[in-house]
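Each chain is listed here by its residues.
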Amino acid sequence: FGDTYWETWLERTEVVRADLAAFINADREEIGFTTNTSHGMNLVAQFLKDEGPILTMRDEFPSTTFPWLNQKTTIKFVEPTNHGYSIDEIKKALTPEIKILVSSYVQYCTGFRQNLEELGDFCKENNLIFVVNATQALGIFPVDVKKCNIDFLMFSGLKWATAGYGIGGLYVDKKWLDKDNFPFAGW
């Protein structure tokens with residue numbers, strides 16, 4: 001039907017954007033759509049490539065770490081204890097040069113669930129940019145991006161969001177939307 005349904009598609013997209021924003025306590029303009037977690041994480045890694053080294057968990061899903069490795073970002077890994085990551089272990093791993101904390105809400109391999117509010121407070125106290133892969137959690141566990149001080153959050157629709165393959169969501173805190181060096185653009 002060509003562009004016959006263009007206006008309908010735009011309206012439906014904005015309804016979904018508003019619904020997703022409400023679901024994670026974000027503003028509508030902080031929500032974008034991607035094809036999957038890898039796409040979202042690559043956008044964020046590209047955007048933050050000059051911000052500094054990252055700290056992340058040893059058993060992250062490749063979609064969480066490969067984009068940073070591809071950007072030649074220095075990565076320090078937190079080692080798991082008892083199949084999880086206590087805030088104390090993360091604190092011990094933090095060094096002054098680390099500027100970004102990247103974590104899955106739920107680890108794909110072990111099912112370990114991060115306490116996002118505690119981790120977000122830790123990031124705020126230590127002036128860290130907080131990036132969250134929520135693929136294994138969004139739709140089954142609550143996410144409040146404001147309460148948890150999350151700067152960037154991405155997810156694929158194929159898990160608990162039950163949207164299937166080829167669709168993902170990206171949250172970008174509006175404080176990052178004002179940057180003058182946004183590395184990508186389109187209409």
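The rules behind these values
Residues numbered from 1 in each chain as written. Predicted model: local features only at pLDDT ≥ 70, side-chain atom pairs only at ≥ 80, totals over all residues. Heavy atoms only, no water. Helix = DSSP H or I, 4+ residues; strand = E, 2+ residues; numbered from the N terminus. Buried < 20%, exposed > 50% of the residue type's maximum accessible area, 1.4 Å probe, protein only. Contact = heavy atoms within 4.5 Å. Areas by Shrake-Rupley, 256 points an atom, 1.4 Å probe, with all protein chains shown as cover. Lys, Arg positive; Asp, Glu negative; His and termini not counted. Charge placed at Lys NZ, Arg CZ, Asp CG, Glu CD. Polar contact = N/O pair within 3.5 Å; in protein donor to acceptor, adjacent residues only side chain to side chain. Phe/Tyr/Trp six-rings, centres within 6.5 Å; stacked < 30°, edge-to-face > 60°. Pairing = 2+ DSSP bridges. Right-handed = clockwise from strand over helix to strand, strands pointing away. Axes fitted to C-alpha atoms, helices over the stretch in contact; angles between N-to-C directions.

K.L.:
How would you sum up the overall build of the protein chain? Please name residues and give values.
P.N.:
Summing up its helical and strand segments, the protein chain has 6 helices and 7 strands in all. Each helix and strand of the protein chain, placed in order from N terminus to C terminus, yields the pattern α-β-α-β-α-β-α-β-α-β-β-β-α. In terms of overall dimensions, the protein chain has C-alpha extents of about 55 × 35 × 30 Å along its principal axes. Of all 187 residues assigned to the protein chain, the portion counted as buried reaches 43%. Within the protein chain, contacts between residues separated by at least 24 positions form 59% of all contacts whose residues are at least 6 apart in sequence. Accessible surface, the protein chain: about 10,100 Å² in total, of which carbon and sulfur atoms supply 53%. For the protein chain, the distance from the average position of its 18 positive side-chain charges to the average position of its 25 negative side-chain charges is 4 Å.

K.L.:
Please give an account of helix α2 (residues 37-47) that cites residues and values.
P.N.:
Those residues of α2 that sit buried are Thr37, Gly40, Met41, Leu43, Val44, Ala45 and Phe47. The distance from a side-chain oxygen at the start of α2 to the backbone nitrogen of Ser38 is 3.1 Å, and the residue carrying that oxygen is Asn36.

K.L.:
Report on the packing of aromatic side chains, specifying residues and quantitative values.
P.N.:
Under the counting rule described, the total for this entry stands at 7 aromatic pairs. Here the aromatic rings of Phe47 and Phe152 are separated by 5.8 Å at their centres, their planes lie at 65°, and the arrangement is edge-to-face. You can see Phe47 sitting in helix α2 and its partner Phe152 sitting in strand β6 (residues 152-156), a full 105 residues away along the chain. As far as burial versus exposure is concerned, Phe47 and Phe152 are alike and both buried. Measuring from centroid to centroid gives 5.9 Å for Phe47 and Trp176, while their planes differ by 80°, and the two rings are edge-to-face. Of this pair, Phe47 sits in helix α2 while Trp176 sits in helix α6 (residues 174-177), and the two are 129 residues apart along the sequence. A residue is classified by how much of its surface remains accessible, and Phe47, at 7% relative accessible area, is buried.

K.L.:
Break down the pairing of strand β4 (residues 100-104) for me, with residues and values.
P.N.:
Among the 5 residues that make up β4, 5 are buried, leaving the element largely enclosed by the rest of the structure. A two-sided burial pattern is seen for β4, the buried positions comprising Ile100, Val102 and Ser104 on one face and Leu101 and Ser103 on the other. Bridge count for strand β2 (residues 54-57) against β4 is 3 bridges, and the pairing is parallel. By the bridge assignment for β4, Leu55 is matched with Leu101. Two strands pair when backbone bridges link them, and β4 and strand β5 (residues 129-133) are joined in this way by 5 bridges, in the parallel orientation. Residue pairing in the sheet places Leu101 in a bridge with Phe130 of β5. With helix α5 (residues 116-125) bridging β4 and its parallel neighbour β5, the resulting β-α-β unit is right-handed.

K.L.:
How would you summarise the sheet that holds strand β3 (residues 75-78) if you had to cite specific residues and measurements?
P.N.:
What holds strands together in a sheet is hydrogen bonding between their backbones, with the strands either parallel or antiparallel. Here 7 strands make up an open sheet; going across it, the order is β1-β7-β6-β5-β4-β2-β3 and the pairing mixed. Each of the sheet's edge strands pairs with one partner strand only, and the pair in question is β1 (31-34) and β3. Geometrically, the sheet is characterised by an average inter-axis angle of 20° between neighbouring strands, direction not taken into account.

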